[in-house]
Amino acid sequence: MEKSKQQKNKVRFVVVREFSGEKSMRETFEQLIERQTCEHFEEWLEQREMAENAA
Amino acid sequence: MSRKKQVYEKITALYCRISLDDGGDNESMSISNQKIMLRDFAEKHGMFQYEYYVDDGYTGRNFNRPAFQRMIADIEAGKIGCVITKDLSRLGRNYIEAGSYIEIFFPKHNVRYIAITDGVDSLTRQEMDITPFKNILNDMYSRDISKKVLAGITTRSRQGKFCGGTPPFGLMRDPEDKGHLIIDPETAPIIRKIYDYALDGMGCMRISKRLMEEKIPITHVKANTEFDANYYSWGGARISHILRNPFYKGAHLVFRTHQKGIRSNTYDIIPREDWEIIEGCHEAIVTPEEWEQVQELIDRKPPIMKGNVCPFYNLFHGLVYCATCGKSMQVRYEKVGRTGKNRFTGEMREPIDKAYYICQTYNRMGCKVCSSHKIEARDLYNLVLKDIQELAAQAMKDADAFYQRLSSRMERRYLVDASQTEKERQRLEARNQEIDGMFLSLYTDKAKGILTEQRFVKLTAALEQEQESNQKRLHDLTMMQSRADAQESEVRTFIKEIRRYATIEELDEAVLNRLISRILIGEVKKVDGQKVQEVRIVYNFVGEIPEIAA
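Taking an unreviewed UniProt entry as the reference, chain B is identified by name as Site-specific DNA recombinase belonging to Bittarella massiliensis.

(A) Quick look at the overall build of chain A. Each helix and strand counted, chain A has 2 helices and 1 strand in total. Listed by position from the N terminus, the elements making up chain A come as α-β-α. Burial statistics for chain A: of 55 residues in total, 22% are counted as buried. With an accessible surface of roughly 4,300 Å², chain A has 48% of that area assigned to carbon and sulfur atoms.

(B) Quick look at the interface of chain A and chain B. Listed by partner, the interface residues are 36 residues for chain A and 55 residues for chain B. Of the roughly 4,500 Å² buried at the junction of chain A and chain B (both faces included), carbon and sulfur atoms supply 62%. Counting across the chain A and chain B interface gives 6 salt bridges. One salt bridge in this structure joins Arg405(B) and Glu30(A), with 3.2 Å as the shortest N-O distance. Along the contact surface separating chain A from chain B lie 19 residue pairs in polar contact (both at pLDDT 80 or more). Elements supplying a minimum of two residues to the side of chain A that touches chain B: helix H1 (2–9), strand E1 (12–19) and helix H2 (25–54) of chain A. Considering every element that reaches the side of chain A that touches chain B, the biggest residue donor is H2(A), with 18 residues. Among the residues forming the side of chain A that touches chain B, the class breakdown is 14 nonpolar, 9 polar and 13 charged. Pairing geometry for E1(A) and strand E17 (residues 530–539) of chain B, over 8 bridges, is parallel.

(C) Spotlight on helix H10 (residues 288–300) of chain B. Residue and element names in this part refer to chain B. Helix length check: H10, at 13 residues, gives a terminal C-alpha distance of 19 Å against a target of 18 Å (1.5 Å per residue), a fit within 8%. Here H10 has its buried residues at Trp291, Val294, Gln295, Leu297 and Arg300. On its buried face, H10 is in contact with helix H7 (188–199), helix H9 (236–244), strand E12 (320–322), helix H18 (509–515) and strand E16 (516–527).

(D) How the structure looks around the sheet that holds strand E15 (residues 375–376) of chain B. Residues and elements named next belong to chain B. As summarised here, the arrangement of the 3 strands in space is E13-E14-E15, forming an open sheet in which the pairing is antiparallel. Bordering the open sheet on either side are strand E13 (329–333) and E15, each of which pairs with just one other strand. Where strand E14 (residues 355–359) lies against E15, 2 bridges are found, and the strand directions are antiparallel. Its bridge partner lying in E15, tyrosine 356 is registered against glutamate 376.

(E) Fine view of the packing of aromatic side chains. For the coordinates displayed, the defined rule picks out 20 aromatic pairs over all chains. Where Phe19(A) meets Phe541(B), the ring centres are 5.8 Å apart and the plane angle is 40°; that geometry is what we call tilted. Placement of the pair is Phe19(A) in strand E1 and Phe541(B) in the segment after E17, with the two residues belonging to separate chains. The exposure class of Phe19(A) is partly exposed, given its relative accessible area of 34%. Ring plane angle 80° and centroid distance 5.6 Å describe the contact between Tyr15(B) and Phe68(B), whose orientation is recorded as edge-to-face. Of this pair, Tyr15(B) sits in strand E1 (residues 11–18) while Phe68(B) sits in helix H3 (residues 66–76), and the two are 53 residues apart along the sequence. Taken together, the aromatic side chains of Tyr15(B), Phe63(B), Phe68(B), Tyr101(B), Phe105(B), Phe106(B) and Tyr113(B) make up a single cluster linked through ring pairs. Directly above the aromatic system of Phe456(B) lies the positively charged group of Lys446(B), at a separation of 5.1 Å from the ring centroid.

(F) Examining helix H15 (residues 418–448) of chain B more closely. All names here are of chain B. A rise of 1.5 Å per residue sets the reference length of H15, with its 31 residues, at 45 Å; its end C-alpha atoms lie 46 Å apart and thus fit the reference within 8%. Those residues of H15 lying buried are Thr421, Leu428, Asn432, Ile435, Phe439 and Leu442. Where H15 is buried, its residues touch helix H16 (453–496).

(G) Focus on the side chain of Glu30(A). Tracing the chain through its elements places Glu30(A) in helix H2. Relative accessible area serves as the criterion here: at 14%, Glu30(A) is assigned to the buried category. Excluding residues that lie within four positions of it along the chain, Glu30(A) makes contacts with Met396(B), Phe402(B) and Arg405(B).

(H) Representation of the sheet that holds strand E3 (residues 80–85) of chain B. Residue and element names in this part refer to chain B. Strands sit in the order E2-E1-E3-E4-E5 across an open sheet of 5 strands; the sheet is mixed. A strand with exactly one partner marks an edge of an open sheet, and here the two such strands are strand E2 (50–56) and strand E5 (120–121). In terms of strand pairing, strand E4 (residues 112–115) meets E5 through 2 bridges, oriented antiparallel. Directly across from isoleucine 114, in E5, lies its bridge partner aspartate 121.

(I) Highlighting the nonpolar core. Core analysis: the largest hydrophobic core is formed by 54 residues, its most contacted members being Phe29(A), Phe316(B), Leu380(B), Val384(B), Ile388(B), Leu507(B) and Ile516(B). With 10 residues, the single largest contributor to this core is helix H13 (residues 377–395) of chain B. Setting aside residues no more than four positions away along its own chain, Leu380(B) makes contact with Phe316(B), Val320(B), Tyr357(B), Ile375(B), Ile519(B), Ile521(B) and Val535(B). Counting residues in hydrophobic clusters, the runner-up holds 31 residues, among them Ile194(B), Tyr197(B), Leu211(B) and Leu253(B).

(J) Molecular detail of the pattern of salt bridges. Using the criterion set out here, one finds 34 salt bridges over all chains in the structure. Notably, a salt bridge pairs Arg35(A) with Asp200(B), separated by 2.5 Å at the nearest N-O pair. You can see Arg35(A) sitting in helix H2 and its partner Asp200(B) sitting in the loop between H7 and helix H8 (204–213), one on each of two chains. Among the salt bridges present, the one from Arg244(B) reaches Asp299(B), with a minimum N-O distance of 2.8 Å. Here the residue Arg244(B) occupies a position in helix H9, and Asp299(B) occupies one in helix H10, the gap between them amounting to 55 residues. By relative accessible area, Arg244(B) is classed as buried at 10%. For Asp299(B), a relative accessible area of 53% gives the class exposed. When salt bridges that share partners are traced, they join Arg35(A), Glu39(A), Arg192(B), Asp196(B), Asp200(B), Glu290(B) and Arg514(B) into one network.

Cut-offs applied
Residues numbered from 1 in each chain as written. Chains lettered and ligands numbered in written order. Predicted model: local features only at pLDDT ≥ 70, side-chain atom pairs only at ≥ 80, totals over all residues. Heavy atoms only, no water. Helix = DSSP H or I, 4+ residues; strand = E, 2+ residues; numbered from the N terminus. Buried < 20%, exposed > 50% of the residue type's maximum accessible area, 1.4 Å probe, protein only. Areas by Shrake-Rupley, 256 points an atom, 1.4 Å probe, with all protein chains shown as cover. Contact = heavy atoms within 4.5 Å. Buried area = accessible area lost by both parts, 1.4 Å probe. Salt bridge = Lys/Arg side-chain N within 4 Å of Asp/Glu carboxyl O. Polar contact = N/O pair within 3.5 Å; in protein donor to acceptor, adjacent residues only side chain to side chain. Nonpolar A, V, L, I, M, F, W, Y, C, P; charged D, E, K, R; others polar. Pairing = 2+ DSSP bridges. Expected span 1.5 Å × (residues − 1). Phe/Tyr/Trp six-rings, centres within 6.5 Å; stacked < 30°, edge-to-face > 60°. Lys NZ or Arg CZ within 6 Å of the ring centre and 35° of its normal. Core = buried A, V, L, I, M, F, W, Y, C linked by side-chain atoms within 4.5 Å.

Below, the structure is given as structure tokens:
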């Protein structure tokens, strides 16, 4: 009883996509992923260097 | 005592002035000629106690001239009995103020005024009736010059030539063409960084704080230069000025301000929508698309209200809007249950679990104007992350070529170039062998008696020293190479597994602002007894229709 009431009160979300811009989807994702990967890699290098120095 | 006698007891001020517009090369106007003319006139008329007051390079449009002000102070102190100028225009070209000095100030202080070539003498009232008209003509001349100069600057500016003073930070004047700007290799990376931060969704204040943390120096230090922090004192206004500046997209802004009147020192700021921008005038630091995107980002960011510190960091700042009224949604934070524990399960809740967004209009004006459109921050986060991941999977479906490209680019960027080290090592080894040969020939020369003992010792010492330093460098290079080899293998492993890291696992401001233009939150509606809420995500790119499997 309690559960069904909770379910009834829960909101169902409907996601609608809209696109605006000039770049293609692939290009945008590629740029973002490249940037993120480089950042991630630089962080990893920094941590490795710090660990080496500490050792 | 007669007034004439009184005049001769005091000193006579010989006032000379020349402005840059009057032309420094005009000999008849030059200061030296004015001085000679005034001195001859004074001596001829028995005024031997004179003093020069010279304003070289000052405009006649106003009276803010050092020598003129000094002369006025001396008049007020009662030291001057007569003022002589070459003509009326040397006193000033502003007919209102020049008239007030000639008609009011000088008579009030018993000062005789003489303009030699115009034939004006206040003592004899000679030509005094025509003086105001001559002053008006002088005034008109200066106005005409101002108009011509302004027209010249405007024309050059509309042709995309830089006519301002100091070029914007990040750019510099082309040494071959002063009106053309080129990129300043030293400061342009700072501008690029500022734009990158803005594209990542950071506001002006946050960018300025980040630059201060990174200790990036500003251009002009105005405050106490001994205080180190003043060299990095970036401010939000400065960042905003940079982000709004069209010069960085290679364009030229004709005028940013407008002078209210020719004599006025006050300027009206031209609104941004009325700016006259000439595109493609010089090399750009950011692309025009990026510049436009930054303008949009700044425009849509609502100001952060000061208040209680909310532990939830609003990732969606400037992105979430009410679908009904179009206003940005405010983030609110649950105040009940501050312990952070779930009442039922006892689990600790993160700040995001206690934050939610509501419509700004509803919050300010109540339910009669707009409804709450409430959405929990956690729900929004999950929805957006899931949608982005779906799109990413779709976009990167056959991305083998991209991953290969990325791997080779990273290898080029991060792997140490071993060929240079190897070259240096070979060079040093060859040199050491050469030195050994030289030692041998030196011994032979010494044995034959060609070389003296003293010279032999000197030469061998120098060669030994060189060989020693070469050996040391060789040792360092070997160490570096072995370290680089170890690092290379680790880097290669990382790059091999690049696909594992090249995914979007969580949302941050950079991901959101690079991908999404805005998120519109719809009203909660009841459909068949079930509450339904529409979340419209507007992406920054062109969508693709997924292929339907046959």
